[in-house]
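# Descriptive structure summary
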Amino acid sequence: RDRWGRDLITPPDGKKPVGTTTVTTIAKTLEDTHNLTNWKLRNALKGVSGRSDLVLQLQTLDLERDKQTIDRIAQTAIELGGGTKAATTGTAIHSILETHDRGIYASGRERPPAELEETIETYAAVLEACNVKIVPEYIETVLVNDEDQYAGTVDRIVQIGGVHYIADLKTGKTLDFGGLGFGAQLAA
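The present account deals with the structure reproduced in this document. (Residues numbered from 1 in each chain as written. Predicted model: local features only at pLDDT ≥ 70, side-chain atom pairs only at ≥ 80, totals over all residues. Heavy atoms only, no water.)

## So, the sheet that holds strand E1 (residues 7–9)
Strand pairing in a sheet relies on backbone hydrogen bonds. The paired strands run either parallel or antiparallel. The cut-off we apply is this: One requirement defines pairing of two strands: DSSP has to find at least two bridges between them. By definition, any uninterrupted DSSP run of H or I lasting at least four residues is a helix, any uninterrupted run of E lasting at least two residues is a strand, and each is numbered from the N terminus. Angles run from 0 to 180 degrees between N-to-C directions of axes, and those axes are lines fitted to C-alpha atoms, restricted for helices to the stretch in contact.
In space, the 4 strands of this open sheet follow the order E1-E2-E5-E4, with mixed pairing throughout. What marks the edges here is a single partner per strand, and that holds for E1 and strand E4 (141–145). Taken over all neighbouring pairs, the strand axes of this sheet differ in orientation by 45° on average, direction set aside. Two elements, E1 and strand E2 (residues 18–22), share 3 bridges in a ladder whose sense is antiparallel. Of the residues in E2, the one forming a bridge with Leu8 is Gly19.

Shown next as structure tokens:
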């Protein structure tokens, strides 16, 4: 990684590695985060409301001098209010579907968590019904655009009717607020 945390990619000509911006970072510039910000604030207020110790600590802090401590309290409050539950669950689902797509559960020796078996079955049924074939060698693959210097990890490259497509797994309740960013990600 470079000093800004970007992935360093060696260009095709073999010259010095170049820092690349991720496709997700670029796509997020298009998103309207107003609703997400308000949702996080609501979760933080809900979380802190049940913790008198956090309220008391906040009352003793200076907003300018104690920014890091206040940020930690805010993150704790968001977690207490349930603001990270969906993301954590989404990460688990993403991981278990990757394991499934790699065929690890095919032998029956290893079993997924019982809470996610129905998710896997539904996922597999939808793929089958739509004639979507996972291309195993392209699960979680990094793709690089050398000309424009950006890169991204695709969830899957799939095949439908002999044509390859990029597939991005989404586990949220709705795509209403991220459609523009998702479209930009897939297009890039």
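## Some thoughts on the environment of Gly183
Put simply, the rule reads: Relative accessible area decides the class of each residue, using a 1.4 Å probe on protein chains only: under 20% of the type maximum gives buried, over 50% gives exposed, and in between gives partly exposed.
Structurally, Gly183 can be placed in helix H7 (residues 179–187). Residue class for Gly183 comes out partly exposed when judged on its relative accessible area of 37%. With 156 residues separating them in the primary sequence, Gly183 and Ala27 have C-alpha atoms 8.2 Å apart.

## Observations concerning the sheet that holds strand E6 (residues 156–160)
Reading across from one edge, E3-E6-E7 is the order of the 3 strands in this open sheet, with antiparallel pairing throughout. A single partner strand is all that each edge strand has here, and the edge strands are strand E3 (132–134) and strand E7 (163–167). Pairs of neighbouring strands in the sheet enclose a mean axial angle of 40°, with direction left out of account. Both E6 and E7 contribute to a ladder of 5 bridges, which runs antiparallel. Across the sheet, the residue bridging to Val158 is Tyr165, located in E7.

## Side note on the side chain of Thr20
Basically, it comes down to this: Any pair of residues with heavy atoms lying within 4.5 Å of one another is described as a contacting pair.
Mapped onto the secondary structure, Thr20 falls in strand E2. Residue classification places Thr20 among the buried positions, given a relative accessible area of 4%. Setting aside its immediate chain neighbours within four residues, Thr20 contacts Arg6, Asp7, Ile9, Gln149, Tyr150 and Ala151.

## Here's the deal with unusual backbone geometry
Located in the positive-phi region is Glu140, a residue other than glycine, with phi close to 55°. Secondary-structure assignment places Glu140 in the loop between E3 and E4. Given the relative accessible area of 27%, Glu140 is considered partly exposed. The backbone of Gln149 shows a phi angle near 55°, a positive value even though the residue is not glycine. Here Gln149 shows up in the loop between E4 and strand E5 (150–154).

## Focus: the environment of Arg109
You can see Arg109 is positioned in the loop between helix H5 (85–101) and helix H6 (114–129). Taking relative accessible area as the criterion, Arg109 reaches 74% and is therefore assigned exposed. Residues Arg109 and Leu127, 18 residues apart in the sequence, show an inter-C-alpha distance of 23 Å.

## A few points about the nonpolar core
Operational definition: Here, nonpolar core refers to any group of buried Ala, Val, Leu, Ile, Met, Phe, Trp, Tyr and Cys residues whose side-chain atoms link them within 4.5 Å.
Ile96, Leu97, Ile120, Tyr123, Leu127 and Ile134 are the most contacted members of the largest nonpolar core, which totals 13 residues. With 4 residues, the single largest contributor to this core is H6. When sequence neighbours within four positions are dropped, the list of residues in contact with Leu127 reads Val132 and Ile134.

## Looking at the pairing of E6
Summarising the sheet, E3 and E6 pair through 3 bridges and their orientation is antiparallel. Bridging from a neighbouring strand, Ile134 pairs with Val158 of E6. Once E6 ends, the chain turns through 2 residues before running back antiparallel as E7, passing Gly161 with a positive phi of about 60°.

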